[in-house]
Amino acid sequence: MAKMLINGILRDKPAQSDGRFARVASAFRGWLEPDPTAAFPAERNRYHLYLSKACPWCHGVDLVLSLKGLRDAVGITWMDPLMAEEGWVIDQTRFDPAQNIPRDHYLYEVYQRAAPDFTGPITVPLMLDTQSGKIVSTDSADMMRMLGRAFDGATGPELYPAPLRAEIDRLAQWIQAPLRNGVYRAGFATNQSAYCEAVTQVFETLDALDALLQQRRFLAGAQLTEVDLKLFPTLLRFDPVYVTHFKLDRARVADYPALSRYLAEIAAQPGIAETIDLGHIRAHYFTSHRHLNPSGIIPIGPGPRLVSGAPQKGAA
């Protein structure tokens, strides 16, 4: 099989230009709509998600499902923590035959069946329309937005309230390149200047976020919103993974008082802890990125309880 891009990264070498990691844009950006005549109408039990507990982009989608009470509205197939030469591996121990979808072993098989002419990156998250067999979306931000708003009967907080939309969008754009993608730009840089550029931007953003969160409970103000569910997965992974694996060792989230308070408060919210599996997260990064960690050794980590209120599963 020819080499393929996995979440914008070649299986054994990051996509890059001049030493700088370059993430590949999402190829599928369909939208769930309340209109029953739409291409993808928002119908319960019609759509299926392919997610990884390790992936921060998937984590944001999973957080929306949990907070909005949508676990029964869509099906989910989970990835194994270890990525193979063929890319994302489907976790057979968590496969549910009752969901009435093909029992694939690799994610690329889903893409081959749903979009046989597609030659781009094989990524998670993936949303599939089980009725038409088509891919709806591979864009995590789109999924978070439409899952948070498309289904009738969803519960939980309004994650994109009208009075805060401009601020939510501004904050999401602010943290995207320098921090959420910046940790990967640091980790997958292949020369010193690219690494230093990325690391500088990561910590400048963390410094600014800590200052902002000294004034605000959550990013956009007093209430939890969509943009918090984008930042939280990155902060959660920072100390147990990124500090070591991506060489982001200037400081830890634990060294920032406001960020630490914010991380712990979100982790303690109802429905959040069930989305966290730090053992799975660490196993994925340290054993799958062999170009960064050839031995596959999983470091001992910063401690048994990394986030107050969120027990660590599967700790080494």
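The structure this text deals with has already been given above.
Residues numbered from 1 in each chain as written. Predicted model: local features only at pLDDT ≥ 70, side-chain atom pairs only at ≥ 80, totals over all residues. Heavy atoms only, no water.

(A) Spotlight on the packing of helix 4 (residues 165–180) against helix 6 (residues 192–213). Where helix 4 contacts helix 6, the two axes come as close as 8 Å, and the packing angle between them is 145°. Across the interface between the two elements, Leu171, Trp174, Ile175, Pro178 and Leu179 of helix 4 pack against Gln201, Val202, Thr205, Leu206, Ala208, Leu209 and Leu212 of helix 6. Its residues assigned to classes, the contact of helix 4 with helix 6 comprises 10 nonpolar, 2 polar and no charged. (Axes fitted to C-alpha atoms, helices over the stretch in contact; angles between N-to-C directions. Helix = DSSP H or I, 4+ residues; strand = E, 2+ residues; numbered from the N terminus. Contact = heavy atoms within 4.5 Å. Nonpolar A, V, L, I, M, F, W, Y, C, P; charged D, E, K, R; others polar.)

(B) Fine view of the packing of helix 4 against helix 7 (residues 226–245). Taken N-terminus to C-terminus, the directions of helix 4 and helix 7 make an angle of 15°; their axes are 9 Å apart at the nearest point. On the basis of their axis angle, the class for helix 4 and helix 7 is roughly parallel. Of the two possible hands of crossing, helix 4 and helix 7 adopt the one that is left-handed. Between helix 4, through Ile168, Leu171, Ala172, Ile175, Leu179 and Arg180, and helix 7, the contact on the second element is made entirely by Glu226, Val227, Lys230, Leu231 and Thr234. Tallied by class, residues from the contact of helix 4 with helix 7 come to 7 nonpolar, 1 polar and 3 charged. (Parallel < 35°, antiparallel > 145°, perpendicular 65-115°, else oblique. Left-handed = near helix turned anticlockwise from the far one by under 90°.)

(C) Expanded view of the environment of Arg113. Summarising the element assignment, Arg113 is placed in helix 2 (residues 107–114). Owing to a relative accessible area of 43%, Arg113 belongs among the partly exposed residues under this scheme. On a C-alpha basis, the gap between Arg113 and Ile135 in space is 9.8 Å, while along the polypeptide they are 22 residues apart. Those residues in contact with Arg113, other than ones at most four positions away along the chain, are Pro102 and Asp104. A polar side-chain atom of Arg113 sits 2.6 Å from a polar atom in the side chain of Asp104. (Buried < 20%, exposed > 50% of the residue type's maximum accessible area, 1.4 Å probe, protein only. Polar contact = N/O pair within 3.5 Å; in protein donor to acceptor, adjacent residues only side chain to side chain.)

(D) Molecular detail of the pairing of strand 7 (residues 75–78). Here strand 7 shows no split at all, with Gly75 and Thr77 on one side and Ile76 and Trp78 on the other all buried. Of the strand pairs in this sheet, strand 6 (residues 47–51) and strand 7 are connected by 4 bridges, and their pairing is parallel. Counterpart to Leu51 in the pairing with strand 7 is Trp78. One crossover worth recording links strand 6 to the parallel strand 7 by way of helix 1 (residues 56–67), and it is right-handed. (Pairing = 2+ DSSP bridges. Right-handed = clockwise from strand over helix to strand, strands pointing away.)

(E) Quick peek at the environment of Ala54. Tracing the chain through its elements places Ala54 in the loop between strand 6 and helix 1. Exposure remark for Ala54: the relative accessible area of 0% places this residue in the buried category. For the pair Ala54 and Ile298, spaced 244 residues apart in sequence, the C-alpha to C-alpha distance is 14 Å. Aside from chain neighbours lying at most four places away, what touches Ala54 is Arg237, His280, Ile281, His284 and Tyr285.

(F) Representation of the packing of aromatic side chains. Summed over all chains, the structure comprises 15 aromatic pairs. The rings of Phe21, Trp57, Tyr184, Phe188, Phe203, Phe238, Tyr242, Phe246 and Tyr285 are connected pair by pair, giving a single aromatic cluster. The aromatic ring of Tyr184 is capped on one face by Arg23, whose charged end is 4.8 Å from the ring centroid. In this structure, Arg145 packs its charged tip against the face of Tyr160, placed 3.6 Å from the ring centre. (Phe/Tyr/Trp six-rings, centres within 6.5 Å; stacked < 30°, edge-to-face > 60°. Lys NZ or Arg CZ within 6 Å of the ring centre and 35° of its normal.)

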